[in-house]
Amino acid sequence: MKKVKHVLGISGGKDSAALSIYMSKRYPSLDIEYYTCDTGKELKETYDLIGRLNSVLGKDIELYKSMDEDNSPMKNPFDHFLALYGGYLPSPTARWCTKKMKLEPFENRIGEEPTISYVGIRGDENREGYISKKENIQTIFPFRRNIWSEDVIKKVLNNSNMQQLKSYYEGLASKDVLLTSMQYVNQPISPKFTQRQKLNALLDVDLQLFNRVVFEFLKTTDYPVGKLDTFPLIENDELIVLDDVFKILEDSGVGVPAYYKPMEYEVEIDGEIKQGTYSRSRSGCFFCFYQQKIEWVWLLEQHPQLFEDAIVYEKDGYKWMEESLEDLQKPERVASIKKEHYLRMNREKARSRTGTSWQDDILQAEGEGCASCFI
Ligand code: SF4
């Protein structure tokens, strides 16, 4: 049997940190290599978190390097690649930073070895995460009800594979469950019964059975999971959401990265002083262009030196966003961003019967961004 490598990338964000703890405790038999790809521009809290994880996981987190620091005049990855790109700052539409400092080091390090990569997309999120284009790398999502990636589901549920699916169900299901499963297995995917509906129906009937069927299917393919004798995650029926992630981090002693904790700010609205709270909603570089305006204000007030450092990158017409940081830091602009944020948060609090918590703010803010950096 070909050896299969298991890897788990730690971005410095809460979800990948929680996933590493979860996997090490729940699946100690899996020999997982934990790794991180450093940009050299993360917040100190991120480096602290990775340090604490090292001791909880009981093994070193590998650094997948994107450059040879000894042979570059720039002593950190971001500045090295920025120089190569002639000072052209990355943006959501030109995200060379993720490509050069996260994806390429990962794929180069893995090479051609069959590899399973575990990714911490939570059960309460509606996004897929980065799926490598390399066929020898398969992504698994242990926190979700459906642990399989979209490409696997597409193949397993494809109408042309219906006979194969049927025979696996016949071989693996008990009599009662088989009867219920078959009404969905035998129903082809169509505009009236979509792939998502078929998937959810089969997961509802028996999630572990569905996983066993997928495992059998994968044995007939080149997918890395199919090369394993056993795969313990097929018995996993847990769904992990944001609250669980915080609990895993707190219970392990690793704790939640300090920048998620809300800090109070004051803003004058119609002659009255109001108190709001702000925090940073994601890990990643301190100058990340995915930040919301209120997060830039948080950086300005909570980490003024880093804000200054971010300004230094804005030159020769290049900026982190359409508004320059020089403009954003003006007192009247800061007050208007806080006012807008305060009013928006209050509107949302009024709309929700239970009131919003700082976890809700994170849920809202994390919609946009890059899975390699923020999970
Ligand atoms: S955190 Fe933002 S700036 Fe840094 S590598 Fe990721 S996308 Fe790029």
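Look a little higher up for the structure.
Residues numbered from 1 in each chain as written. Predicted model: local features only at pLDDT ≥ 70, side-chain atom pairs only at ≥ 80, totals over all residues.

## What about the overall build of the chain?
Secondary structure assignment for the chain yields 16 helices and seven strands. Its C-alpha atoms give the chain a radius of gyration of 23 Å, within 12% of the compact-globule value 21 Å for 375 residues. Seen through its principal axes, the chain has C-alpha atoms that stretch 70 × 55 × 40 Å. Split into buried and exposed, the 375 residues of the chain put 37% on the buried side. (Helix = DSSP H or I, 4+ residues; strand = E, 2+ residues; numbered from the N terminus. Rg over C-alpha atoms; globule rule 2.2 N^0.38 Å. Buried ≥ 20, exposed ≤ 12 C-beta atoms within 10 Å, placed from the backbone.)

## A short note on helix H4 (residues 96-110)
For H4, spanning 15 residues, the distance from its first C-alpha to its last is 20 Å, which sits close to the expected 21 Å at 1.5 Å a residue. The sharpest bend along H4 reaches about 35° and sits at Leu103, with the proline Pro105 one to four residues further on. What H4 keeps buried is the set Cys97, Lys100, Met101, Lys102, Pro105, Phe106 and Ile110. Downstream of H4 by a residue or two, Gly111 has a phi angle that is positive, lying close to 65°. (Expected span 1.5 Å × (residues − 1). Bend = angle between axes of the 7 residues up to and from the residue.)

## Points about the environment of Gly86
For Gly86, the position within the fold is in the loop between helix H3 (77-84) and H4. For Gly86, a count of 8 C-beta atoms within 10 Å puts it in the exposed group. Sequence separation between Gly86 and Thr39 is 47 residues, and the spatial gap between their C-alpha atoms is 17 Å.

## Observations concerning the nonpolar core
Membership of the largest hydrophobic core comes to 51 residues, with the highest contact counts inside it found for Val213 and Val214. Among the elements of the structure, helix H1 (14-26), helix H2 (44-57), strand E4 (115-118), helix H5 (150-156), helix H6 (162-172), helix H8 (195-205), helix H9 (207-218) and helix H10 (242-252) are those that each provide at least two residues to this core. The greatest single-element share of this core, amounting to seven residues, is contributed by H9. Apart from the residues within four sequence positions on either side, Val213 is in contact with Leu165, Tyr168, Tyr169 and Leu172. (Core = buried A, V, L, I, M, F, W, Y, C linked by C-beta atoms within 7 Å. Contact = placed C-beta atoms within 7 Å.)

## Points about the sheet that holds strand E5 (residues 137-140)
Taken together, the five strands give an open sheet; going across it, the order is E3-E2-E1-E4-E5, and neighbouring strands pair in parallel fashion. Strands at the two margins of the open sheet, each flanked by one partner only, are strand E3 (62-63) and E5. Pairing of strand E2 (residues 32-36) with E3, which is carried by two bridges, proceeds in the parallel orientation. The residue of E3 that forms the bridge with Tyr35 is Glu62. (Pairing = 2+ DSSP bridges.)

## Structural notes on unusual backbone geometry
Located in the positive-phi region is Asp270, a residue other than glycine, with phi close to 50°. Inspection of the secondary structure assignment puts Asp270 in the loop between strand E6 (263-269) and strand E7 (272-278). For Asp270, a count of 6 C-beta atoms within 10 Å translates into the label exposed. We note that Asp316 has phi near 55°; this positive angle belongs to a residue other than glycine. With respect to the helices and strands, Asp316 occurs in the loop between helix H12 (304-312) and helix H13 (325-328). Given 8 C-beta atoms within a 10 Å radius, Asp316 is considered exposed.

## A closer look at the packing of helix H11 (residues 293-302) against helix H14 (residues 331-351)
Packing of H11 against H14 leaves a shortest axis separation of 9 Å and a crossing angle of 125°. Accordingly, the angle class assigned to the pair H11 and H14 is oblique. For the pair H11 and H14, the crossing hand works out as left-handed. Residues Lys293, Ile294, Val297 and Leu300 of H11 form the contact with H14, whose participating residues are Val334, Ile337, Lys338 and His341. Considered class by class, the residues forming the contact of H11 with H14 number five nonpolar, one polar and two charged. (Axes fitted to C-alpha atoms, helices over the stretch in contact; angles between N-to-C directions. Parallel < 35°, antiparallel > 145°, perpendicular 65-115°, else oblique. Left-handed = near helix turned anticlockwise from the far one by under 90°. Nonpolar A, V, L, I, M, F, W, Y, C, P; charged D, E, K, R; others polar.)

## Digging into H8
Along H8, the positions that sit buried rather than exposed are Lys198, Leu199, Leu202 and Val205. One face of H8 carries all of its buried residues, which in axial projection span an arc of 130°. More than 90 degrees from the buried face of H8, the exposed residues found are Arg196 and Asp204. On its buried face, H8 sits against H5, helix H7 (175-185) and H9. (Arc of directions from axis to C-beta.)

## A short note on the pairing of strand E1 (residues 5-9)
Direction of pairing for E1 relative to E4: parallel, over a ladder of four bridges. Counted as the bridge partner of Leu8 is Tyr118 from E4. Here four bridges tie E1 to E2, and the two strands are oriented parallel to one another. Across the sheet, residue Gly9 finds its bridge partner in E2, namely Tyr35. Regarding topology, H1 serves as the crossover connection from E1 to the parallel E2, and that connection is right-handed. (Right-handed = clockwise from strand over helix to strand, strands pointing away.)

## Regarding the packing of H1 against H10
Axis separation between H1 and H10 bottoms out at 9 Å; the angle between their running directions is 60°. Of the possible angle classes, the one that applies to H1 and H10 is oblique. The element H1 and its partner H10 pack so that their crossing is left-handed. Across the interface between the two elements, Lys14, Asp15, Ala17, Ala18, Ile21 and Tyr22 of H1 pack against Val245, Ile248, Leu249 and Ser252 of H10.

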